[in-house]
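# Summary of the model geometry
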Amino acid sequence: MHSANRNLVYAGLLIAVGLALQYAEHLLGLSGALPGLKPGLANMITILALELLGVRMALAITCIRSLLGALLFAGFSSAMYSVPGALGACVVMALLRCSRRLGFAGISVAGAFANNVCQTAVSALVLQNAAIVSYLWLVGPQSILFGIFTGLGAYFSCRVLKQHGKTRSVEV
Amino acid sequence: MRKSFTKWDVSIFIAVLGLAFGLYFLCTGFLGEPVSIEVEVAGKPYARYEMKRYHQPEEIQIRTQYGSNTLRISDKDVCVLDADCPDKLDVKQGAIHKSGETIVCLPNKLVIKISGERDLDALSE
């Protein structure tokens, strides 16, 4: 397949899978009472996009995925924190990918952390609710736990895609 | 292809933990010493208690259309002694004593929080 077409197909598929993951998270009720605390399964899609399609496409996919997800499952107001959170995670992970020594787990954990901190910061400012700040210490262990999980998920999906789909990795 | 897990990832984990605790202490430090206890019912301010007036701990009952909770307020902390909600998570949580901390009773739509000397309002201006 022509590479531009292939990338477009991948972008569409990644957005669709990302939305499905967000919906699964929503169905399982993992979103919780706090806007900042959730596992962020869709972060897997951002990692895959960075690995398969490069930084620019990953940013676009992340932006569309989080905006659509917020509009579909949680209402417009939640887009205010989910979009900056997802984009922040994407930028942090894109920067960390410059280091060849880091594995998927480390990059994913840093992304989850960036996502949570951005969301907490935005929701504390928007809701004028200082109470959220007192949950910040939870963000560290939570990012590590879910980050490793999503990072390994992305690693195995990536390995399968590259073996069977003959997809080249984007080298930084 | 990149590895799934390397020893360098551990340094990321340590940095993330350190940053989370650092941010937490920075933010709670920013809020200052605890000053008052604010009670919200269904998202609206319901009552406010100045902590320095409670050298003697006092029991206060909050009875609303959503349910009833009994608080114990002192000049250092606040806790929920009893509640008619089914899960009693607010009672099990125990006392809170730092600025920004909250006790939430979802069934009774009750939020109890400790306000500090400074508010986040100052941050967004």
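This text follows the structure it describes.
The notes below deal with the structure included here. Predicted model, so just to flag it, every value in this text is computed and none were measured. (Residues numbered from 1 in each chain as written. Chains lettered and ligands numbered in written order. Predicted model: local features only at pLDDT ≥ 70, side-chain atom pairs only at ≥ 80, totals over all residues. Heavy atoms only, no water.)

### Structural notes on the overall build of chain B
Going by this rule: Counting from the N terminus, the helices are DSSP H or I runs at least four residues long and the strands are E runs at least two residues long. Any residue under 20% of the maximum accessible area for its type is buried, any over 50% is exposed, and the rest in between are partly exposed; the area is computed with a 1.4 Å probe on protein chains only. We get accessible surface area from the Shrake-Rupley algorithm with a probe of 1.4 Å; when it comes to residues, only the shown protein chains can shield them.
Assigned secondary structure in chain B consists of 3 helices and 7 strands. What you see in chain B, going N to C, is helices and strands ordered as α-β-β-β-β-β-α-β-β-α. For chain B, buried positions account for 40% of its 125 residues. Carbon together with sulfur atoms contributes 56% to the accessible area of chain B, which is approximately 7300 Å² in total.

### Overview of the overall build of chain A
When you go through chain A residue by residue, the secondary structure sums to 6 helices and 0 strands. Counted from the first residue to the last, chain A has its helices and strands arranged as α-α-α-α-α-α. The buried share of chain A, reckoned over its 172 residues, is 51%.

### Quick notes on the sheet that holds strand 4 (residues 67–73) of chain B
Residue and element names in this part refer to chain B. Operational definition: Think of it this way: DSSP has to see at least two bridges between two strands before they count as a pair. Only the stretch in contact is used when a helix axis is fitted, and all axes are lines through C-alpha atoms; the angle between N-to-C directions ranges over 0 to 180 degrees.
Reading across from one edge, 3-4-5 is the order of the 3 strands in this open sheet, with antiparallel pairing throughout. On the outer flanks of this sheet lie strand 3 (58–64) and strand 5 (78–83), each paired with one strand and no other. Each neighbouring strand pair of the sheet contributes to a mean axis angle of 30°, computed without reference to strand direction. Note that strand 3 and strand 4 share 7 bridges and pair antiparallel. Bridging from a neighbouring strand, Thr64 pairs with Gly67 of strand 4.

### Describing the interface of chain B and chain A
Under the convention used in this document: Contacts are assigned to residue pairs with any non-hydrogen atoms lying within 4.5 Å of each other. By convention, the term buried area covers the 1.4 Å-probe accessible surface removed from two parts as they join, with the contributions of both added. Salt bridge, as used here, is a side-chain nitrogen of Lys or Arg placed within 4 Å of a carboxyl oxygen of Asp or Glu. Counting of polar contacts relies on pairs of N or O atoms within 3.5 Å, with two restrictions inside protein: one atom must be capable of donating a hydrogen and the other of accepting it, and residues adjacent in sequence are counted only when both atoms are side-chain atoms. Three classes are used: nonpolar for Ala, Val, Leu, Ile, Met, Phe, Trp, Tyr, Cys and Pro, charged for Asp, Glu, Lys and Arg, and polar for all others, with Gly counted as polar.
Every contact between the two is made by 28 residues of chain B and, on the other side, 37 residues of chain A. Both faces combined, the contact of chain B with chain A buries some 2900 Å², and carbon together with sulfur accounts for 74% of it. Seen at the junction of chain B and chain A, the total is 0 salt bridges. The interface formed by chain B and chain A holds 9 residue pairs in polar contact (both at pLDDT 80 or more) in total. Broken down by secondary-structure element, the contributors of at least two residues to the side of chain B that touches chain A are helix 1 (7–31) and helix 3 (121–124) of chain B. Per element, the largest residue contribution to the side of chain B that touches chain A is 14 residues, and it comes from helix 1 of chain B. Its residues assigned to classes, the side of chain B that touches chain A comprises 16 nonpolar, 6 polar and 6 charged.

### Re the nonpolar core
Rule in force here: In plain words, nonpolar cores are sets of buried Ala, Val, Leu, Ile, Met, Phe, Trp, Tyr and Cys residues tied together by side-chain atoms within 4.5 Å.
Core analysis: the biggest nonpolar cluster contains 38 residues, and Leu14(A), Leu53(A), Ile61(A) and Ile12(B) have the highest contact counts within it. Listing elements by their share of this core, those giving two or more residues are helix 1 (3–27), helix 2 (43–53), helix 3 (55–74), helix 4 (79–96), helix 5 (104–126) and helix 6 (136–164) of chain A together with helix 1 of chain B. Among the elements that take part in this core, helix 2 of chain A stands out by supplying 8 residues, more than any other. Discounting chain neighbours no more than four positions away, the residues touching Ile61(A) are Ala11(A), Leu14(A), Ile15(A), Ile45(A), Ala49(A) and Leu53(A). Within the second largest apolar cluster, 20 residues are counted, among which are Tyr54(B), Ile60(B), Ala83(B) and Cys105(B).

### Here we look at the pairing of strand 6 (residues 102–105) of chain B
Residue and element names in this part refer to chain B. For strand 6 and strand 7 (residues 110–116), the ladder comprises 4 bridges, and the chain directions are antiparallel. Within strand 7, the position partnered with Val104 by the bridge is Val111. Two successive antiparallel strands, strand 6 and strand 7, enclose a turn made up of 4 residues, where Lys109 displays a positive phi of approximately 55°.

### Looking at the sheet that holds strand 7 of chain B
Residues and elements named next belong to chain B. Reading across from one edge, 2-1-7-6 is the order of the 4 strands in this open sheet, with antiparallel pairing throughout. Two strands in the sheet have a free side with no partner beyond their single neighbour: strand 2 (44–50) and strand 6. Across the sheet, the axes of successive neighbouring strands diverge by a mean angle of 20°, strand direction being ignored. Here strand 1 (residues 34–41) runs beside strand 7; their pairing, made up of 7 bridges, is antiparallel. Each bridged residue has a counterpart across the sheet, and for Pro34 the counterpart in strand 7 is Gly116.

### Overview of the pattern of salt bridges
All names here are of chain B. The full count for this structure, using the stated rule, is 7 salt bridges over all chains. In this structure, the salt-bridge partner of Arg48 is Glu38, at a minimum N-O distance of 2.7 Å. Remark: Glu38 occurs in strand 1 and Arg48 occurs in strand 2; sequence separation between them is 10 residues. Classification of Glu38 by relative accessible area gives buried; the value is 19%. The residue Arg48 makes a salt bridge to Glu50 at a minimum N-O spacing of 3.3 Å.

Purely spatial values, then, with no claim about function.
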